[in-house]
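Close look at the chain arrangement
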Amino acid sequence: MSDDRALEELARSSERLREEPLTSEAVFRGKLLDVRRDTVRLPGGATATREYIMHPGASMIVPMLPDGQVVLVRQYRYPMHRAFIEFPAGKIDPGEAPLATAQRELLEETGYRANKWTELTTIHNAIAYANERIVLFLAEGLERGEQRLDEHEFLEVFTAPLEDLIAWIRQGEVTDVKTVIGAFFVSSSTR
């Protein structure tokens, strides 16, 4: 089957599975997240309730140094009650393009600027209960500057060889999904 025909079949299949929204209510509105509860008509005609989180989206950066090391951050994540090793990332502000978010977050969190940006892919990390999308970027040609953390943002910046990060992932020490995907994505393209 040609790529075009395969895509057409995927689109037809997706339409057959579509759930039609009947009602929608705001359950909670926060500074970052909105929680919604919708009633939907299922493809077979029955109705069901869908609860989900509305998220503005985010950008994540894989900052790659010329020697093969990556720039990482260690940040406390309250819902999990511990610090995580992650690639720099941040939410997309209203009207902001994902690349602008990536450039802003790289500078704010790490102090680095990049001369070369490559969009890697877009992921949806919690499709069962959130509409969040994260656009992943590779940042190269890094120049070190001054970190510009937000007033109530606390994190540590460090570098590590990409191979070490991959090993930490395999050992279960790094579990942040966007970082795992970004590391394997870049690792597979550098072989």
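Preceding this paragraph is the structure being described.
Residues numbered from 1 in each chain as written. Predicted model: local features only at pLDDT ≥ 70, side-chain atom pairs only at ≥ 80, totals over all residues. Heavy atoms only, no water.

**Let's talk about the overall build of the chain**
The cut-off we apply is this: Strands here are runs of E lasting at least two residues and helices are runs of H or I lasting at least four, both read from the DSSP assignment and numbered beginning at the N terminus. To sort residues, take the accessible area from a 1.4 Å probe on protein chains only and compare it with the maximum for the residue type: under 20% means buried, over 50% means exposed, and anything in between is partly exposed. Note on definitions: a residue-residue contact is assigned when non-hydrogen atoms from the two residues lie within 4.5 Å.
Broken down by element type, the chain carries 4 helices and 10 strands. Listing every helix and strand of the chain by position from the N terminus yields α-β-β-β-β-β-β-β-α-β-β-β-α-α. Taken along its principal axes, the extent of the C-alpha atoms in the chain is 55 × 45 × 35 Å. Burial statistics for the chain: of 191 residues in total, 36% are counted as buried. Taking the intrachain contacts of the chain between residues at least 6 apart in sequence as the baseline, contacts between residues at least 24 apart amount to 55%.

**Things to note about the pattern of salt bridges**
The following threshold applies: What counts as a salt bridge is simple: a side-chain nitrogen of Lys or Arg found within 4 Å of a carboxyl oxygen of Asp or Glu.
With the rule as written, the count across this model stands at 15 salt bridges. Among the ionic pairs, Glu 86 bridges to Lys 178, the shortest N-O distance being 2.9 Å. Of this pair, Glu 86 sits in strand 6 (residues 82-86) while Lys 178 sits in helix 4 (residues 177-189), and the two are 92 residues apart along the sequence. The pair Glu 86 / Lys 178 is uniform in exposure class, with both members buried. Note that Arg 104 and Glu 96 form a salt bridge whose closest N and O atoms lie 2.8 Å from each other. One network of salt bridges, with partners in common, ties together Lys 91, Asp 93, Glu 96, Arg 104, Glu 105 and Glu 108.

**A few points about the nonpolar core**
Selection rule: Among buried residues, those of type Ala, Val, Leu, Ile, Met, Phe, Trp, Tyr and Cys that are joined through side-chain atoms within 4.5 Å constitute a nonpolar core.
Counting 24 residues, the largest nonpolar core has Val 62, Val 70, Leu 72, Phe 87, Leu 162 and Leu 165 as the members making the most contacts within it. Every element with two or more residues in this core is listed here: strand 4 (58-63), strand 5 (69-77), strand 8 (112-123), strand 9 (134-144), strand 10 (155-161), helix 3 (162-170) and helix 4. No other element matches helix 3, which puts 4 residues into this core. Membership of the second largest hydrophobic core comes to 11 residues, among which are Ile 61, Leu 65, Ala 102 and Val 135.

**Topic: the sheet that holds strand 1 (residues 20-29)**
Pairing between the strands of a sheet is mediated by backbone hydrogen bonds and can be parallel or antiparallel. Applicable threshold: Two strands make a pair as long as DSSP finds a minimum of two bridges between them. Angles run from 0 to 180 degrees between N-to-C directions of axes, and those axes are lines fitted to C-alpha atoms, restricted for helices to the stretch in contact.
Pairing is antiparallel in the open sheet, where 3 strands are placed in the order 1-2-3. Of all strands in the sheet, those with a lone pairing partner are strand 1 and strand 3 (47-54), marking the two edges. Neighbour-to-neighbour, the strand axes of the sheet open up by a mean angle of 20°, direction not taken into account.

**Section: the environment of Phe 87**
You can see Phe 87 is positioned in the loop between strand 6 and strand 7 (89-91). According to the relative accessible area criterion, Phe 87 is buried, its value standing at 1%. Remark: the alpha-carbon pair of Phe 87 and Leu 32, spanning 55 residues in sequence, is separated by 20 Å.

**Considerations on unusual backbone geometry**
Located in the positive-phi region is His 81, a residue other than glycine, with phi close to 55°. In this fold, His 81 is placed in the loop between strand 5 and strand 6. A relative accessible area of 48% means that His 81 is categorised as partly exposed.

**Describing the environment of Gln 147**
Filter applied, for reference: Nitrogen and oxygen atoms within 3.5 Å of one another constitute a polar contact, given that in protein one can donate a hydrogen and the other can accept it, and given that sequence-neighbouring residues count only through two side-chain atoms.
Relative to the helices and strands, Gln 147 resides in the loop between strand 9 and strand 10. Residues Gln 147 and Arg 104, spaced 43 residues apart in sequence, show a C-alpha to C-alpha distance of 11 Å. In this view, Gln 147 contacts Leu 107, Glu 108, Glu 109, Thr 110, Gly 111, Leu 155 and Val 157; residues no more than four positions away in its chain are not counted. A distance of 2.6 Å separates a polar atom in the side chain of Gln 147 from the backbone oxygen of Glu 109.

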